[in-house]
Amino acid sequence: RTASVTTTGLTLSWTASASSLVSGYEIDRCTGTATTCAAGGAVWTAVGTTASRTTVSLPVTGLVTKTGYVFRVRAVSTVSGATAQSAYATVAVTTK
């Protein structure tokens, strides 16, 4: 997981899942530090989704300068009409 950060945006990148069952990824954001966002009651906001296992980056805009964010990405798999989700991978950043 990496993030290329500017003052008001970034591009998140991650490694594609090896599973052919993955149909895409969900990305969420929390404002704060890794510690505050890991605490119970942290507010996570959906940032976007991808519709392909091989799409492994997402541009994120509209961030506030000099603010900390934590992003989490998880793989989504649709098998037999049911959706399953992987554990989250997280990255913490501060805008410039």
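Structure first, text after, so check above.
Residues numbered from 1 in each chain as written. Predicted model: local features only at pLDDT ≥ 70, side-chain atom pairs only at ≥ 80, totals over all residues. Heavy atoms only, no water.

**Q** How would you sum up the side chain of Thr67? Please name residues and give values.
**A** Relative to the assigned elements, Thr67 resides in the loop between strand 5 (57–61) and strand 6 (68–79). For Thr67, a relative accessible area of 18% corresponds to the buried category. At 3.2 Å, the side chain of Thr67 and the backbone oxygen of Val64 are in polar contact. A distance of 3.2 Å separates a polar side-chain atom of Thr67 from the backbone oxygen of Thr65. Once residues within four sequence positions are removed from consideration, Thr67 is found in contact with Thr31, Val93, Thr94 and Thr95. (Helix = DSSP H or I, 4+ residues; strand = E, 2+ residues; numbered from the N terminus. Buried < 20%, exposed > 50% of the residue type's maximum accessible area, 1.4 Å probe, protein only. Polar contact = N/O pair within 3.5 Å; in protein donor to acceptor, adjacent residues only side chain to side chain. Contact = heavy atoms within 4.5 Å.)

**Q** Summarise the nonpolar core; cite the residues concerned and give the values.
**A** A general tendency of soluble globular proteins is for nonpolar side chains to be buried together. Residues Leu10, Leu12, Ile27 and Phe71 are the most contacted members of the largest nonpolar core, which totals 16 residues. Examining the composition of this core, we find that 4 residues originate from one element, strand 6, more than from any other. (Core = buried A, V, L, I, M, F, W, Y, C linked by side-chain atoms within 4.5 Å.)

**Q** Which residues make up the packing of aromatic side chains, and what values go with them?
**A** The tally for this structure, following the rule as stated, stands at 2 aromatic pairs. Between Trp14 and Tyr25, the aromatic rings sit 5.4 Å apart at their centres with planes inclined by 65°, giving edge-to-face as the arrangement. Remark: Tyr25 occurs in strand 3 (residues 22–31) and Trp14 occurs in the loop between strand 2 (9–13) and strand 3; sequence separation between them is 11 residues. By relative accessible area, Trp14 is classed as buried at 9%. With a centroid separation of 6.2 Å and an interplanar angle of 40°, the aromatic rings of Tyr69 and Phe71 are classed as tilted. You'll find Tyr69 and Phe71 in the same group, each marked buried. (Phe/Tyr/Trp six-rings, centres within 6.5 Å; stacked < 30°, edge-to-face > 60°.)

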